[in-house]
Amino acid sequence: MAVQLRLDKFLADMGVGARSEVKQWIRKGRVKVNDSIVTKPEQKVSLEDMVCFDDTRISYQSVVYYMLHKPAGVVSATRDKVSRTVLDLISDRQRKDLFPVGRLDKDTEGLLLITNDGELAHQLLSPKKHVDKVYYAKVSGRVTEEDAKAFREGVRIEEDYCTLPAKLTILASDAISEIELTIQEGKFHQVKRMFEAVGKEVIYLKRLSMGSLVLDEKLKPGEYRELTKEEIVLLKSAR
Ligand code: URA
């Protein structure tokens, strides 16, 4: 049987408005299902029904995927009492069940996947899956080949935890160094703590990619776009 859901939920899920607003609009006759006005918010509709709000068709997308260029200064959470969240950057009229896949620190920039696909999120975050995450960083102090060797072998970031082998590429080694680091884990403050373990401080951090998903250079910090079909297929096929 086709999936059915309440009309008010259908519209609220699609970000037309809050559930309470949507109920009122339905009662006022602003919503049509298959060309007939429906005034009962509880009426069941299927995902294939033609639902129009003020004569604009609203199609039901059950899963959505956004690539966000996270700027510094916002937290990777769905809500926060103090700070703006990454979801505050996604426009109001979007759906309400989104969450960020994993966390970047408040001061970290770069690629963040925002979705409502819990299964994909789980696959990407599962420590067993060893999904590559590539970071660009500016590091205070001269990063050396010894650091690269230490990262290849794993460094101790907790009393009883050594990191998995990571690939460090030195782009510039100077008073302030520039590097790219590929890790397969996502421990709290992992990149910063790895550099701390070799006596250095990360002063700027940006995530460039996660698995097959690469940050779109056209996105400025704070901007986002939907993933393309190809990006979604590639991400899912890497499971
Ligand atoms: N490692 C960190 O230290 N911070 C991040 O935000 C991501 C990885």
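Everything discussed here concerns the structure shown above.
About the thresholds
- Residues numbered from 1 in each chain as written.
- Predicted model: local features only at pLDDT ≥ 70, side-chain atom pairs only at ≥ 80, totals over all residues.
- Heavy atoms only, no water.
- Core = buried A, V, L, I, M, F, W, Y, C linked by side-chain atoms within 4.5 Å.
- Buried < 20%, exposed > 50% of the residue type's maximum accessible area, 1.4 Å probe, protein only.
- Helix = DSSP H or I, 4+ residues; strand = E, 2+ residues; numbered from the N terminus.
- Contact = heavy atoms within 4.5 Å.
- Near = heavy atom within 4 Å.
- Polar contact = N/O pair within 3.5 Å; in protein donor to acceptor, adjacent residues only side chain to side chain.
- Areas by Shrake-Rupley, 256 points an atom, 1.4 Å probe, with all protein chains shown as cover.
- Nonpolar A, V, L, I, M, F, W, Y, C, P; charged D, E, K, R; others polar.
- Salt bridge = Lys/Arg side-chain N within 4 Å of Asp/Glu carboxyl O.
- Pairing = 2+ DSSP bridges.
- Arc of directions from axis to C-beta.
- Phe/Tyr/Trp six-rings, centres within 6.5 Å; stacked < 30°, edge-to-face > 60°.
- Lys NZ or Arg CZ within 6 Å of the ring centre and 35° of its normal.

Draft legend 1. Quick peek at the nonpolar core. Ile114, Phe151, Leu181 and Phe195 are the most contacted members of the largest nonpolar core, which has 31 residues in total. Elements with a contribution of two residues or more to this core: strand E7 (65-70), strand E9 (109-115), strand E10 (133-140), helix H4 (145-153), strand E14 (176-183), helix H5 (190-197) and strand E15 (201-210). With sequence-adjacent residues up to four places away left out, phenylalanine 151 is seen in contact with Leu164, Pro165, Ala166, Leu168, Leu181, Met194, Phe195 and Val198. Counting residues in each nonpolar core, the second largest holds 17 residues, with Val22, Trp25, Ile26 and Phe53 among its members.

Draft legend 2. Structural context of the site of the ligand. The environment of the ligand is formed by Leu104, Asp105, Thr108, Tyr135, His189, Gln190, Val191, Lys192 and Leu205. A distance of 3.4 Å is found between an oxygen atom of the ligand and a backbone nitrogen or oxygen belonging to glutamine 190. Measuring from an oxygen atom of the ligand, one finds a backbone N or O atom of lysine 192 at 3.0 Å. Compared with its free state, where it exposes 240 Å², the ligand has 96% of that area covered by protein. No other element matches the 3 residues that H5 contributes to the shell around the ligand. Across the shell around the ligand, the residue classes tally to 4 nonpolar, 3 polar and 2 charged.

Draft legend 3. Region of the structure containing the pattern of salt bridges. Enumeration over the complete set of coordinates arrives at 15 salt bridges. In this structure, aspartate 105 engages lysine 192 in a salt bridge whose closest nitrogen and oxygen atoms are separated by 2.7 Å. One end of the pair, aspartate 105, is in the loop between strand E8 (99-100) and E9; the other, lysine 192, is in helix H5, and 87 residues separate them in sequence. For the pair aspartate 105 and lysine 192, a shared accessibility class is recorded, and that class is buried. Salt bridges sharing partners connect three or more residues here, namely Asp216, Lys218, Arg225 and Glu231.

Draft legend 4. Summary view of the pairing of strand E13 (residues 167-172). Here E13 pairs with E14 via 5 bridges, running antiparallel. Counterpart to isoleucine 170 in the pairing with E14 is isoleucine 179. Counted between consecutive antiparallel strands, the loop separating E13 from E14 contains 3 residues.

Draft legend 5. Quick peek at helix H3 (residues 118-125). For H3, the full list of buried residues reads Leu120, Ala121, Gln123 and Leu124. An end-on view of H3 places all buried positions within 160° of arc, on one side of the element. Summarising the geometry of H3, the exposed residues directed more than 90 degrees from the buried face are Glu119 and His122. N-capping of H3 is provided by aspartate 117, with a side-chain oxygen placed 3.2 Å from the backbone N of glutamate 119.

Draft legend 6. Quick look at the sheet that holds strand E5 (residues 51-53). Reading across from one edge, E3-E2-E5-E6 is the order of the 4 strands in this open sheet, with antiparallel pairing throughout. Two strands lie at the open edges of the sheet, namely strand E3 (36-37) and strand E6 (56-58), each paired on one side alone. Two elements, strand E2 (residues 31-33) and E3, share 2 bridges in a ladder whose sense is antiparallel. When the sheet's bridge partners are listed, lysine 32 is paired in E3 with isoleucine 37.

Draft legend 7. Looking closely at the packing of aromatic side chains. Applying the stated criterion across every chain yields a total of 5 aromatic pairs. Judged by centre distance (5.3 Å) and plane angle (85°), the ring pair of tyrosine 66 and tyrosine 224 falls under edge-to-face. Placement of tyrosine 66 in strand E7 and of tyrosine 224 in strand E17 (residues 224-226) is noted, with a sequence separation of 158 residues between them. For tyrosine 224, a relative accessible area of 23% puts it in the partly exposed group. The ring of tyrosine 204 has lysine 138 sitting right over it, with the charged end atom 5.8 Å from the ring centre. Lysine 187 extends its terminal NZ or CZ atom over the ring of tyrosine 161, reaching a point 4.5 Å from the ring centre.

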